[in-house]
Amino acid sequence: MESCCPNKCSSAPSKINCNIQRVSPPLELGEGPHWHQCTQSLYFVDLHKKKINKYHPETSCYTTATIDCCDPLTFIIPVDNQSNTFLVGLGPAIGIVRWNGCSNTAEYRYLKTVDKTPGNRLNDAKADASGRLWVGSMGPEIDDNSGQYHKCRGSLYSVDFDGTVTKRLPNISISNGMAWSPDNKFFYYIDTYKYAVEAYNFDLASGNISNGKVIFDFRCKNITGDPDGMTIDTDGNLWVACFNSNHIIKINPNTSSVLTTIEFPAYQITSAAFGGPNLDQLYVTTASYKTTDAQKSKLPYSGTLFRVLGTCSTGFNGVPVKINLCALN
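Residues numbered from 1 in each chain as written. Predicted model: local features only at pLDDT ≥ 70, side-chain atom pairs only at ≥ 80, totals over all residues. Heavy atoms only, no water.

- Under an unreviewed UniProt entry, the name given to the chain is Regucalcin, and the organism recorded is Aphis gossypii.
- Taken verbatim from the UniProt record of the chain, the Catalytic activity (unreviewed entry) comment is "D-glucono-1,5-lactone + H2O = D-gluconate + H(+)".
- Quoted straight from UniProt, the Subcellular location (unreviewed entry) entry for the chain says "Cytoplasm". (UniProt positions renumbered as here; feature names shortened; annotations may be inferred.)

1. Comments concerning the side chain of Ser256
Inference 1: Here Ser256 lies in the loop between β22 (247-252) and β23 (257-263).
Inference 2: Reaching out from Ser256, the side chain makes a polar contact with the backbone oxygen of Ile215 at a distance of 2.9 Å. (Helix = DSSP H or I, 4+ residues; strand = E, 2+ residues; numbered from the N terminus. Polar contact = N/O pair within 3.5 Å; in protein donor to acceptor, adjacent residues only side chain to side chain.)

2. Topic: the pattern of salt bridges
Inference 1: What the rule picks out here adds up to four salt bridges.
Inference 2: One salt bridge in this structure joins Lys290 and Glu141, with 2.3 Å as the shortest N-O distance. Linking Lys290 in the loop between β25 (281-286) and α1 (293-298) with Glu141 in the loop between β13 (133-138) and β14 (154-159), this pair joins segments that are 149 residues apart in sequence.
Inference 3: Classification of Lys290 by relative accessible area gives partly exposed; the value is 40%.
Inference 4: Since its relative accessible area comes to 27%, Glu141 is described here as partly exposed.
Inference 5: The partner of Glu198 in a salt bridge is Lys194, with the nearest N and O atoms 3.1 Å apart.
Inference 6: Residues participating in the shared-partner salt-bridge network are Asp128, Arg132 and Asp160. (Salt bridge = Lys/Arg side-chain N within 4 Å of Asp/Glu carboxyl O. Buried < 20%, exposed > 50% of the residue type's maximum accessible area, 1.4 Å probe, protein only.)

3. A look at the nonpolar core
Inference 1: Counting residues in hydrophobic clusters, the biggest one holds 27 residues, and the most contacted among them are Tyr188, Val197, Phe216, Leu238, Val240 and Ile249.
Inference 2: Taken together, the elements giving at least two residues each to this core come down to β17 (186-191), β18 (196-202), β19 (209-217), β20 (226-232), β21 (238-243) and β22.
Inference 3: Setting aside chain neighbours within four positions, we find Val197 in contact with Tyr188, Tyr189, Ile190, Lys213, Val214, Ile215, Phe216, Met230, Leu238, Val240 and Ile251.
Inference 4: Formed by 18 residues, the second largest nonpolar core is a distinct cluster that contains Ile77, Ile94, Val114 and Ile323. (Core = buried A, V, L, I, M, F, W, Y, C linked by side-chain atoms within 4.5 Å. Contact = heavy atoms within 4.5 Å.)

4. Things to note about the sheet that holds β25
Inference 1: Taken in spatial order, the four strands line up as β3-β26-β25-β24 in an open sheet, and their pairing is antiparallel. Only two strands of the sheet have a single partner each, and these edge strands are β3 (19-22) and β24 (269-275). The average angle at which neighbouring strand axes cross in this sheet is 25°, direction not considered.
Inference 2: Alignment of β25 against strand β26 (residues 306-309), held across three bridges, turns out to be antiparallel. Bridge pairing links Val284 to Phe306 in β26. (Pairing = 2+ DSSP bridges. Axes fitted to C-alpha atoms, helices over the stretch in contact; angles between N-to-C directions.)

5. Let's talk about the UniProt feature "active site" (unreviewed entry) in the chain
Inference 1: Per the UniProt annotation, the sites labelled "active site" (unreviewed entry) are Asp228.
Inference 2: Within the fold, Asp228 resides in strand β20.
Inference 3: With residues near it in sequence (within four places) discarded, Asp228 still touches Glu31, Asn176, Gly177, Ile190, Thr192, Val240, Ala241, Phe243, Ile269 and Thr270.
Inference 4: At 3.4 Å, the side chain of Asp228 forms a polar contact with the side chain of Asn176.

In structure tokens form, the structure reads like this:
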């Protein structure tokens, strides 16, 4: 893996004043925000609580349902052309959930185990522009070392329409953020324990990725926190959530420069997605997971879903996953 670190390593991000709104009650570990164009709603999960959540901004309606499955429930993505149907991460497997978005319960069933390594589980997932699922995995928490995970135990996978699973990258520690450049020529990826954002050449037709290199190094840039989930805007800039910190940063992947930073009254920023009728609302998930009393006192809204207005950026609709559910029975 080639590493790229420009000479100007200590450039500080500029702070911008935005309208930051709390739009959900605090969760334990909010993750995986996905804007669904058809319902004009944001879907996301409370990972260890095994909850799926929906926020409809037009009505300010927030609903949640508990899935009685194995721990954890790691992502939720709508299935293309099937109403009230979602693909979810269930421990090391993917499953299907039927949910009307109103009830506090939902039906689910397992479809296929993706990572068969004992102790591993899935983490972040997204669909590329073709509807192909991309999902990464990670190893278990280290005994007697709370909050730390075994390194290089996970992988990055893609799952095609017919259910074929392809391992794209091995030796992943904590698979997290994914995004594709607006022209689909590059795939951006975060393995948290590398403390960097990587870029790969990407072929949409085959799903092949190649020529990986680091395009933004957290330690080189003196960025506080750990890189977690991310999204991309229509200008091609990446918005990277910083876990173990209270901010999200906007970076230019071509120049490796920090353009702006947004701070939140919360600790552990986990991910982000653009949404709203004009796709100019930035939704940011956070966590209260394993925060200390001092952190909770200083930043009391950890775990809340935030809506950010006034970023002067717009993003893309979340892509529903295209998958043949019958082929996975």
